Amino acid sequence: MRRLFFLNDMFYERMKQRLLSKAILLLLLLNIAVCASSQNTVLVPEIINFTKNTYDAGTQNRVMAQGSNGLMYFANNDGLLVYDGTYWKLYSLPNRSMVRAVLVDGDRIYVGGQQEIGYFYFDGKGSMAYRSLKGLIPPGEDDFTDVWHVVKYENDIFFRSSKRIFRYTNNKIFAFKSIDWRFLGTSRGVLLAQQYENGLMMFAGGQWRPYKTDYDFSRNKMIIRSVSDYGSDKTMVATVRTGIYLMDANSFSKFDHPSVTKMSSDLIHTSAAIDTGRTIIGTKLGGYYIIDSKGNILQQITKKEGLQTNTINNAFVDREQNIWLGLENGIDLIINNSAINHLNPNYENKSPGYSAMVFDGRLFVGTNVGLYSMPLSPAAGSGMMKGDFSLVRNSNGIVWGLSVVNGQLLMGKNDGCFRVINNECIPIDTTTGFWSFHPVGEKQPSPRMIGSTYSGINLYDYSNGRFSSTFKQTLFESAKYTVTIGDEIWVVHPYLGLYKINLTDTGGITNTPYKDVDHILSDGHNHLFKVRNKMTLLTRKGVYEYDIRTKKFSVSSFFNQFFPSAYVSYLREDASGNIWFIQDKRPGVIDMSQPAKPTIVYFPELNNHVLGNDEEFIYPINKNNILVSGYIGLYHIDYERYTNSHKQLRVLLRGVTSSFQKDSVLFGGYQMDCDTQNTAQAYTLARELSYKWNSVHFDFSAPFYGGTVEYSYRLAGYEEEFSPWSRKTERSYTNLPPGDYVFEVKAKSSWVPESAMNRFSFTVSPPWYRTVLAYLLYALLIIAAIYWFYKRQQRKYIAQAAARQKAQQQEFKESQQRLKDKHQHELDMNEKEIIRLKNIKLEAEIEHNHAELASNTMSLLQKKELLNRIKDEIIKVQSEADHDKKEKNVRRIIKVINDQLEMDDDWERFTVYFDRVNNDFLKILKEKFPSLTPADLKLCAYLRLSLSTKEIADLLNLSVRGVESSRYRLRKKLELPNEVSLLEYLEKVGGNSSGGDPA
């Protein structure tokens, strides 16, 4: 029994080993088949990673869609995410839930969220608005959670949740209930779903019907993840673990291909058709695959090549065949249809590429970690770049240059010179570092070769298929830039100068510094190349060519037309005569396809992505394969494809705001149109902008995801010329004056045709003080002012006329007055003359009266004397004794008295003359004081004449005391107070003095 059991165990062990061997063999055969069917391209498209911090929304992204205007829409955890190539915008659902699915249908963006279905649309201001359709769900059918799919079938929109599929048609919603709806998708006019109870279902006649197939999709035996077009007439149904199925109008079969097994092992999660010949398959574990119409894997891209993660939630191909990946932790954009790609021989060690060479059917690439090689495919164009790189043995180190001399591939490294043969490096000279190698002379094979080293130039002999050192060298410093044309050998050091290398007759080698009498060398960055069979020197002062006849470098007229002032650091001529260059880390080419009219082409996608600072490198293999050194590996340019690109640009206004104390949205960035991508747009603001809101800001972008876009713009009505082309995507205008304006913007990208214009028209209204009403008011005010001024002037004129008239009247009056005054003056003069004459007469009369008064006064005095004499005579007569004598004397006295009596009327005459002279003095006193006696009047007259008291006493025949007594009595009669002088009072009587009449 033990033996039997032992034999039995041996049998089972042998059977187990045989089965294991067969399984291993089967896996090996499968792997070989997969490898044979899928030669991976080494050209990796540019991968742009958008992280959560970039778009500022939720981490997870699922379904993606593209609008007719090129905008991209993403179902994001935080809402609907929109990207236009420059700006990201997030729009949340009313319930702030996740957006699981999105579909663009014309001007509507349908979304499915958590317990929410509806669509976004564009309002009249071009802003995004949302309308919920949840209110249209029939009563009792709103028991659903996440909506995972939104698809369009015919004219209806279908929303899938786990328990319901909602059909939105004619503004009504119909619900289809199930235990579990697992999938919903459409392809080639067929709407498919996976139902838990019945498996694969097809919508027809308004109902869901089982789709007849030999495969059981019920009860989650197989889980469908995607449905997409495949090839020219088939539909691909991709499942998670059970492979891929192909269906058409007449069949449904499993796609048996070795690549499907490999992809299924990475858990297929999504698929999308790129074109009829290529399909992308996204997985949970292995990134994404691109397969052809036969199932062969063309390329696999994983995190190693640049994806953020290997887990792909959803894949979408836009109209330019760019691939968008919705990830668990962001969004990736793969510029899949670009003529520029990456070529990196080792993505695990992301080192720069310094050199490249095609030799013996293989591509060799030098990096800073070693030399890699890859067999080239016999396919045409860029299809030759298929295969796998491997590290060349014994090549570890910095590979600076690759050269082919005498049919041998030579490698210059930091530690020596090597020959590359049979994918192995054989050392030739390890005494120093090497840059490049050049044959000497025109003879082939060349018997001698020079090597450019870290310290100068080394000379080598060639015989019997081998290079050997002559131990002859010229030392001057690094000789990286070496050029040979025939027997002419020149070397330039970027900083130390230019040298001519001389080979002596004795086999030696020397160098002669170039005498820079024309000062063409710059302080640094001097480079030397062979272009157009001429030695071409690049300095910061220009481009110079060597003239063998004059033995001098002079300005290149050819290059000066392209680079009159710009610094060019690298030149390389291809087999077609095109001249590739690097200018300030901007690669480009002078296209010589039309020699009479060469054109210059730049590659803005690579600006500042290529190496500089004396490490520039370009290797044109052919028109479909140009390699440019980059910071990570090399860049591959398919120049023929690049120049034949038929992509189109459309520039969009993504927002217009005006500002005063805050921002006000004038245009939200969306227009209701479904035109072609290159159709121009025009938007006119329906209302005028108030003057205080005259600062306007414009955001614009071109939804072009495969290259660098530049913009040019102007504000018509404010500026005449368009702005210089730049990558700036916004423009602000402040304090715009009133008027009509049109903002115009256009875009361009390298060889892509210039886009149509996008226009935004608006009007800035004038301030209130410059409105029509204000101008009417101003006109009225001006009219009123003119009228007021006119009336004022009229009044002024009337006043002036009146004044003139008054002045004339006054002047006339004054002239009349002057005449009158003159006449009066003449009259006055006449009167004065008359008065003068009268005064003269009066004075004469007064003098006469005074004379009379004096005469009368003297007469009175003489009478007094006479009386006194008579008195004396009488006394004598009394004393005379003789009677005769006495009688005689008496008669004589009587005679004297008689003579005097004849003069008694003298007082009367005195009064008359006195009143004439003194204005009726005595008459006035008599009338005013009737009680005055003649003696009183005489006293008054004598006082008026200013006679002394004694004289008055003699005239009145009184004593002096008697005169005083008479004066006292006179004061009493005149009723004069004590303080009034009698003489002053009497002087005033008659008005002769200034005091006037005392009465």
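Relevant structure appears above.
Just so it is clear, the model here is predicted, and its values are computed rather than measured.

Attention now goes to the packing of helix α9 (residues 921-928) against helix α10 (residues 934-944). Following both chains from N to C, one finds α9 and α10 inclined at 135°, their axes separated by 10 Å at the closest point. The pairing of α9 with α10 is recorded here as oblique in orientation. Crossing of α9 over α10 shows right-handed handedness. When α9 is examined against α10, the residues F921, L922, L925 and K926 are found in contact with a partner set consisting of L937, C940, A941 and R944.

Now for the pattern of salt bridges. Tallied over the full model, the rule gives 25 salt bridges. One salt bridge in this structure joins D84 and R654, with 2.5 Å as the shortest N-O distance. Here D84 is found in the loop between β5 (79-83) and β6 (88-91), whereas its partner R654 is found in strand β58 (residues 652-659), with 570 residues between them in sequence. Its relative accessible area of 2% is what places R654 among the buried residues. What you see here is one network of salt bridges that share partners, running through E488, K500 and K551.

Bringing helix α11 (residues 949-956) into the picture now. Burial in α11 covers these residues: I952, A953, L955 and L956. The arc that holds the buried residues of α11, viewed along the axis, is 165°, so those residues lie on one side.

On to the sheet that holds strand β55 (residues 618-622), then. Reading across from one edge, β1-β30-β57-β56-β55 is the order of the five strands in this open sheet, with antiparallel pairing throughout. The sheet is open, and its two edges are formed by β1 (43-45) and β55, each paired on a single side. This sheet shows a mean twist of 30° between the axes of neighbouring strands, independent of strand direction. Bridge count for β55 against strand β56 (residues 625-629) is four bridges, and the pairing is antiparallel. Pairing of P620 across the sheet is with I626, part of β56.

Another aspect to go through is the side chain of S658. When you line up the elements, S658 lands in strand β58. Excluding residues that lie within four positions of it along the chain, S658 makes contacts with D663, S664, L666, L689, W693, S695 and V696.

Before going further, it helps to examine the nonpolar core. Soluble globular proteins tend to pack their nonpolar side chains together in the buried interior. Judged by nonpolar contacts, the single largest core of 73 residues is most densely connected at L343, L528 and F553. Sorting elements by how many residues they give to this core places strand β52 (residues 579-583) first, with four residues. With 35 residues, the next largest nonpolar core counts V63, Y73, V102 and V104 among its residues.

Turning to the packing of aromatic side chains, a few remarks are in order. In the structure shown here, the tally under the stated rule is 75 aromatic pairs. Aromatic rings pair up to connect F667, Y683, F698, F700, Y711, Y713, Y718, Y733, Y741, F743, F760 and F762 into one cluster. Sitting over the face of the ring of Y670, R654 holds its NZ or CZ atom 4.7 Å from the ring centroid. Taking NZ or CZ as reference, R731 lies 4.2 Å from the ring centre of Y733, over its face.

Each value, and the rule that gives it
Residues numbered from 1 in each chain as written. Predicted model: local features only at pLDDT ≥ 70, side-chain atom pairs only at ≥ 80, totals over all residues. Heavy atoms only, no water. Axes fitted to C-alpha atoms, helices over the stretch in contact; angles between N-to-C directions. Helix = DSSP H or I, 4+ residues; strand = E, 2+ residues; numbered from the N terminus. Parallel < 35°, antiparallel > 145°, perpendicular 65-115°, else oblique. Left-handed = near helix turned anticlockwise from the far one by under 90°. Contact = heavy atoms within 4.5 Å. Salt bridge = Lys/Arg side-chain N within 4 Å of Asp/Glu carboxyl O. Buried < 20%, exposed > 50% of the residue type's maximum accessible area, 1.4 Å probe, protein only. Arc of directions from axis to C-beta. Pairing = 2+ DSSP bridges. Core = buried A, V, L, I, M, F, W, Y, C linked by side-chain atoms within 4.5 Å. Phe/Tyr/Trp six-rings, centres within 6.5 Å; stacked < 30°, edge-to-face > 60°. Lys NZ or Arg CZ within 6 Å of the ring centre and 35° of its normal.

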